[in-house]
Amino acid sequence: MSEKKTKRRDFLFTATTAVGAVGAAAAVWPMVDQMNPDASVKALASTEVDVSSLKPGNTITVLWRGKPVFIRRRTKEEIEEARSVKMEDLIHPEKDEDRAKNPEWLVMLGVCTHLGCVPLNDKGDYKGWFCPCHGSHYDTSGRIRKGPAPLNMEVPKYEFVNANTIKIG
Amino acid sequence: MSDHDYRPKSKVGQWFNDRLPLLTLANHLTDYPTPKNLNYWWTFGGILTFCLITQIITGLTLAMHYIAHADMAFESVEHIMRDVNYGWLIRYIHANGASMFFLAVYIHIFRSLFYGSYKSPREIIWIIGIIIYLLMMAAAFMGYVLPWGQMSFWGATVITNLFSAIPLVGEGIVTWLWGGYSVDNPTLTRFFTLHYLIPFLILGLVILHIWALHVPGNNNPVGIDIKKPSKDTVPFHPYIVIKDGFALLMFMIVFAFFVFYAPNILGHADNYIEANPMVTPAHIVPEWYLLPFYAILRSVPDKLLGVVAMLSAILILAVLPWLDTSKIRSAVFRPLYKQFYWILVADVLILGYMGAMPAEGLYLLIARVATAYYFLHFLVILPVLGFKEKTLPIPLSITEPVLGGSPNLAAARSKESKIE
């Protein structure tokens, strides 16, 4: 058996396997990607909410992309409490000023960052939210203070369309 | 092996068998030499086969009436319960059948742990068994989501969110699993598809499980290798078939009790409330058969490490044949292992109880101790015990301990001491 012949075989085997692998991967990708959010799910990307009826200290929950969003009109005390917390006391340090541009309005996903339950309003050790599933406590800015959740509740993209209407997404 | 000598009596049988040796297979299964000292703990293999077939048949019939759509799933299950002829019976058998399946599989697993059935040369049987167990958990979880009640929805949310603990790609994986930004219709339809598929994967693995079993043959309560066929064995049919059949009847009485007298006792009332993405039930608790692992998940205060601990608790079983260093299989001859075995049983039961309780205060503390002990058992106690434990002398044959003073006894003892 000559050295040359073996090399030719090797090349053919390698080339065939490589083309086969690329082909298989190309065939698998559509099967994998079909599970990602489809066009109709993505189309429901934004929601407009009328908040004119909300009084200070009230929270409403609206559905956005299948997830609850908390919109809370905070009281003076709550804002003060949220803004006076030292950064080093926080598990996930974020300034309240960055979370609530307009201090009176806190808009965030009502989804616990631990395993996705909906935290309860006005509960817990920090007078914000409390997750009943695994005991995470959030403060009046929706920041995680105690429990297994690693992050603060997420603030989605939103804007005031006019004085009474918030557009989420 | 007598298999190769088998030849069908009839001409037609011979003609067929020469082309497809199904009759040889049937003959192998009936004549299969089985240790004659198998006790009732060995009947759960047959019981589990019955459970799988029951789940497949009831599942197929339920699928003829169920509608996998977020707007209609809950109502279609109520439709099955109220309108479909015997729908209540089929659904209750299916729902309680899942619990019965897990009850039987836990007894089956703990039988293997007690008698060392996972040890050489049966490691592959054991590992296939663990894969079946994992698939059972996946099938049960997805099946629980299908009625689209509150527990279905929030159970699905919590379990799928476990994947978000994976660094960097976690969130992407969760969105991919959901097919959206939350558990919703796309999640339900894919869970239904997979729930339908998995039992058939399990069926295939069960065939491999039995095939792998038939290579070395059954372990037995004494845990020694035996000659096959010999005085120590009996043919599978009729001896084991009848024994398995009797045990199955006893098992079906328990099964029927749940189906007819307490069909909802193992479920949660919250699942008769339709799924609502705005409200989480006050206590989210998985089905009883997942509670020990749930307790392990919650006893670790870090999200990623909690998920890792929970998965490790299951996957550690796959390497058990190599963690247990003792050459002696049966706990009957391992006085120390026998005690640690029962401590482990208690530990798992305690974990199960803690999984059902709120994760706070004393409950959390006990769950943490029990979690630590669980891993200690497999990672420290078992490997060390194989070297330190003084085992009792094992008999040479199954017949020997029954007949007592066998003429071979003295010879056997002296041979054994030489090995040591």
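What comes next concerns the included structure. (Residues numbered from 1 in each chain as written. Chains lettered and ligands numbered in written order. Predicted model: local features only at pLDDT ≥ 70, side-chain atom pairs only at ≥ 80, totals over all residues. Heavy atoms only, no water.)

Quick word on the overall build of chain B
- Within chain B one finds 17 helices and two strands.
- For 420 residues, the compact-globule estimate of 2.2 N^0.38 gives 22 Å, and the C-alpha radius of gyration of chain B, at 24 Å, lies within 12% of that figure.
- C-alpha atoms of chain B, sized along the principal axes, occupy 75 × 60 × 45 Å.
- A buried classification covers 51% of the 420 residues belonging to chain B. (Helix = DSSP H or I, 4+ residues; strand = E, 2+ residues; numbered from the N terminus. Rg over C-alpha atoms; globule rule 2.2 N^0.38 Å. Buried < 20%, exposed > 50% of the residue type's maximum accessible area, 1.4 Å probe, protein only.)

Notes on the state of the cysteines
Residue and element names in this part refer to chain A.
- A full pass over the atoms with the stated rule returns one disulfide over all chains.
- Between the sulfur of Cys-117 and that of Cys-133 lies a disulfide, 2.1 Å long from S to S. The sign of the -100° torsion about the S-S bond sets the Cys-117-Cys-133 disulfide as left-handed. With Cys-117 in the loop between strand E4 (105-109) and strand E5 (120-121) and Cys-133 in the loop between strand E6 (129-131) and strand E7 (136-138), this pair connects stretches of sequence that are 16 residues apart. Taken individually, Cys-117 and Cys-133 each receive the classification buried, so the pair is uniform in this respect.
- The thiol of Cys-112 is unpaired, and the distance to the nearest cysteine sulfur, on Cys-131, comes to 3.8 Å.
- Judged by relative accessible area, Cys-112 falls into the buried class, the value being 4%. (Disulfide = S-S within 2.5 Å.)

Some thoughts on the interface of chain A and chain B
- Contacts between the two partners involve 26 residues from chain A, matched on the other side by 27 residues from chain B.
- Regarding the contact of chain A and chain B, the summed buried area is about 2200 Å², with carbon and sulfur atoms giving 65% of it.
- At the junction of chain A and chain B, the tally comes to zero salt bridges.
- Linking chain A with chain B are nine residue pairs in polar contact (both at pLDDT 80 or more), by the criterion used here.
- Sorting the residues of the side of chain A that touches chain B by element identifies helix H2 (39-43), strand E2 (59-64) and strand E3 (67-73) of chain A as the ones contributing at least two each. (Contact = heavy atoms within 4.5 Å. Buried area = accessible area lost by both parts, 1.4 Å probe. Salt bridge = Lys/Arg side-chain N within 4 Å of Asp/Glu carboxyl O. Polar contact = N/O pair within 3.5 Å; in protein donor to acceptor, adjacent residues only side chain to side chain.)

Some details on helix H6 (residues 123-145) of chain B
- In this model H6(B) runs 34 Å from its N-terminal to its C-terminal C-alpha over 23 residues, within 8% of the 33 Å that 1.5 Å per residue would give.
- For H6(B), the buried fraction is high: 17 of the 23 residues fall into the buried class. (Expected span 1.5 Å × (residues − 1).)

A short note on a negative patch on the surface
- Negative charge collects at one region of the surface, where B:Asp71, B:Glu75, B:Asp184 and B:Glu274 lie side by side.
- For B:Glu75, a relative accessible area of 55% puts it in the exposed group. (Patch = residues over 30% accessible without salt bridge, like charges linked within 9 Å, V, L, I, M, F, W, Y side chains within 5 Å. Areas by Shrake-Rupley, 256 points an atom, 1.4 Å probe, with all protein chains shown as cover. Lys, Arg positive; Asp, Glu negative; His and termini not counted. Charge placed at Lys NZ, Arg CZ, Asp CG, Glu CD.)

Considerations on the packing of aromatic side chains
All names here are of chain B.
- All chains considered together, the criterion is met by 30 aromatic pairs over all chains.
- With centroids separated by 5.6 Å and ring planes inclined at 65°, the aromatic side chains of Phe-141 and Phe-191 adopt a geometry described as edge-to-face. With a gap of 50 residues between them, Phe-141 in helix H6 and Phe-191 in helix H9 (residues 185-214) connect regions that are remote in the sequence.
- We classify Phe-141 as buried; its relative accessible area is 16%.
- On the accessibility criterion, Phe-191 (5% relative accessible area) is buried.
- For the pair Tyr-341 and Trp-342, a centre-to-centre distance of 5.0 Å together with 85° between the ring planes defines the contact as edge-to-face. (Phe/Tyr/Trp six-rings, centres within 6.5 Å; stacked < 30°, edge-to-face > 60°.)

Here we look at the nonpolar core
- If you look at the biggest cluster of nonpolar residues, it comprises 119 residues, and the most contacted ones within it are B:Phe102, B:Leu113, B:Tyr133, B:Trp148, B:Phe293, B:Tyr374 and B:Phe378.
- When residues no more than four places from it in sequence are discounted, the contact partners of B:Phe102 are B:Tyr133, B:Met136, B:Met137, B:Ala140, B:Trp288 and B:Tyr289.
- A:Val49, A:Trp64, A:Ile71 and A:Leu109 belong to the second largest nonpolar core, which has 13 residues in total. (Core = buried A, V, L, I, M, F, W, Y, C linked by side-chain atoms within 4.5 Å.)

Brief notes about helix H10 (residues 236-261) of chain B
Residue and element names in this part refer to chain B.
- Between the first and last C-alpha of H10 there are 35 Å, a value that for 26 residues agrees with the 38 Å anticipated at 1.5 Å per step.
- Among the residues of H10, those classed as buried are Ile-240, Asp-244, Ala-247, Leu-248, Phe-251, Phe-255, Phe-258 and Val-259.
- In this structure, the buried side of H10 is in contact with strand E1 (33-35), helix H3 (44-63), helix H5 (87-115) and strand E2 (233-235).

Some details on the pairing of E3(A)
All names here are of chain A.
- Of all seven residues making up E3, six are buried, and the element is well covered by its neighbours.
- Bridge count between E2 and E3: six bridges; the pairing is antiparallel. Among the inter-strand pairings, Thr-61 is bridged to a residue of E3, identified as Phe-70.
- Turn length for the E2-E3 hairpin, with the two strands adjacent in sequence and antiparallel, is two residues, and the turn residue Arg-65 shows positive phi of about 50°.
- Here five bridges tie E3 to E4, and the two strands are oriented antiparallel to one another. Its bridge partner being in E4, Arg-72 is matched across the sheet by Leu-106. (Pairing = 2+ DSSP bridges.)

A look at the pattern of salt bridges
- Within the structure shown, the criterion is met by 16 salt bridges over all chains.
- Across the pair A:Asp125 and A:Lys146 runs a salt bridge, and its minimum N-O distance is 2.6 Å. With a gap of 21 residues between them, A:Asp125 in the loop between E5 and E6 and A:Lys146 in strand E8 (residues 144-146) connect regions that are remote in the sequence.
- You can call A:Lys146 partly exposed: its relative accessible area is 40%.
- What you see here is one network of salt bridges that share partners, running through B:Lys119, B:Asp324, B:Arg334 and B:Glu389.

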